[in-house]
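As a plain string of letters, each chain reads:
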Amino acid sequence: MSSSIKGVIMNNKIKIKVSDLIGSQLCISVEDGQKVFDKVDQLVKDGNHVTISFENVTMLISVFLNVAIGQLYGSFSEEAIRTQLKVEGLSSDDMTLVKSVVDNAKKYYLNKKSYDEAWLEDDDNE
Amino acid sequence: MQVNVGSIKSDFNGFDSISDIAEKTKTLYFDSIDLNFTNCSFFEANMVAPLYTVVANLRDNINDVSILSVPPAVYTILKKNKFLTVFNLPELIDINQTTLPFKIFKLNSGDQFNDYLETYMKGKGIPEMSEALNKHFLQNLFEIFLNASIHSKSKSGVFVCGQFFPQKHRLDFTIADAGVGIRENVRRYTGDAKLDSCESIKWALTEGHTTKTGNHPGGLGLKLIKDFIQKNNGKLQIISRYGYYEFLSNGETFQKMNNDFPGTCINIEINTEDKSSYCLESELKSEDVF
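Calculation notes
- Residues numbered from 1 in each chain as written.
- Chains lettered and ligands numbered in written order.
- Predicted model: local features only at pLDDT ≥ 70, side-chain atom pairs only at ≥ 80, totals over all residues.
- Buried ≥ 20, exposed ≤ 12 C-beta atoms within 10 Å, placed from the backbone.
- Helix = DSSP H or I, 4+ residues; strand = E, 2+ residues; numbered from the N terminus.
- Pairing = 2+ DSSP bridges.
- Expected span 1.5 Å × (residues − 1).
- Axes fitted to C-alpha atoms, helices over the stretch in contact; angles between N-to-C directions.
- Parallel < 35°, antiparallel > 145°, perpendicular 65-115°, else oblique.
- Left-handed = near helix turned anticlockwise from the far one by under 90°.
- Contact = placed C-beta atoms within 7 Å.
- Nonpolar A, V, L, I, M, F, W, Y, C, P; charged D, E, K, R; others polar.
- pLDDT = per-residue confidence, 0-100.

A. Spatial organisation of the pairing of strand S7 (residues 170-177) of chain B. All names here are of chain B. Counting buried positions along S7 gives eight out of eight residues, so the element sits mostly inside the fold. Side chains of S7 alternate between two faces, with Arg-170, Asp-172, Thr-174 and Ala-176 and Leu-171, Phe-173, Ile-175 and Asp-177 buried alike. Connecting strand S6 (residues 158-165) to the next strand, S7, in antiparallel fashion are four residues, including His-169 with a positive phi near 55°. Note that S7 and strand S11 (residues 251-271) share eight bridges and pair antiparallel. Each bridged residue has a counterpart across the sheet, and for Thr-174 the counterpart in S11 is Asn-267.

Shown next, in the form of structure tokens:
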């Protein structure tokens, strides 16, 4: 069975090792976050239960998590994420970081329309 | 056109002087600018990061920027920290290892920033930290670096420089970008076009407040660094457009600058005379609390 065949694997338990996927122990870039997001997004869409493993990761920052995990709240309901997604291999401090990113993302996607409509003309006045 | 560069320190006047140079040159396009250092008797090396925001904008407008008449002592400093290499002038080996050299990081080059910190942060007098705190401290530096890349919306990159001043018992570490400034992001996010630069910095520093970029939210992430700076008796400065923010152990101040700084700069000053060992509160053992 190959995990690269989209739509074939359904309701499977799949573990994504972040350090393998991005080829680095440093979770510090938007691009790498996007790579993780793209993978998880598709797998969850296909109905799988996904565990994101941060094993061997030595540095994790919120900018990465905003993209990798925060964005999922734009694709799925909170309930779907709670049911289908798990994280592992995190220290308690990093778990706190994930929690704050998730809380921010929930708030953001709840009000996304009003945030995005708030773009203003550049005003140079102080 | 010639513009004078006076003496520059990591303080309100230093940042305002750099902003003044930016104001004087901001309309130039496809021109030649000489930065004349004749009246510069000292230049704190880390301040080349904010100075480069001016140079980056000038170069972005296809101007030719040169350096003129740098007094020998200042010339040595700028050669040692590799700033002069961006003007195709030679560098000087830093035998005393007191510089964190000037470097322009392309956007999305977090890996290189990691290498830079690993190479240059050691042996610069930073107080001892537990492994967990050190990790958090580095996490905060990455947040600042990445925020500079993302929020600035500037293609010029992120400018980093630092200097250990053993005599003054200070280590200054400075990250700057030539971007739109905090004001722009906070105005857009809050929908309040009347917010000035100081109010915007204040908003961004409030815990739980974040501005978004594209599809995802972000933030300033300075809480742990502020906690550390307070205990260490150091200093944190944020300069963004007209806003100047300074945090010291005895309080914080916001001041409006006279000139528009062309981007955002964060300077972290660590008191290297501090011989304490630090750890996270969550790491405290019972014997540590009494």
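Now that the structure is up, let's keep going.
B. Expanded view of helix H5 (residues 131-151) of chain B. All names here are of chain B. Over its 21 residues, H5 extends 29 Å from the first C-alpha to the last, a length consistent with the 30 Å expected when each residue adds 1.5 Å. The buried fraction of H5 is high, at 15 of 21 residues. Once H5 finishes, Lys-153 follows within two positions and takes phi at roughly 55°, a positive value.

C. Structural view of the packing of helix H2 (residues 30-45) of chain A against helix H3 (residues 62-70) of chain A. All names here are of chain A. Relative to each other, H2 and H3 sit at 30°, their axes nearing to 7 Å. Between H2 and H3, the angle is such that the two are roughly parallel. In this structure, H2 meets H3 at a crossing whose hand is right-handed. Counted together, Val-30, Asp-32, Gly-33, Gln-34, Val-36 and Phe-37 of H2 and Val-63, Phe-64, Val-67 and Ala-68 of H3 form the full contact between these two elements. Here the contact of H2 with H3 is composed, by residue class, of seven nonpolar, two polar and one charged.

D. View of the confidence of the model for chain B. Across chain B, pLDDT averages 90, with 92% of residues at or above 70. Here strand S9 (residues 216-217) of chain B stands out as the element of chain B with the lowest mean pLDDT, 40, in contrast to helix H1 (residues 12-25) of chain B, whose mean of 98 is the highest.

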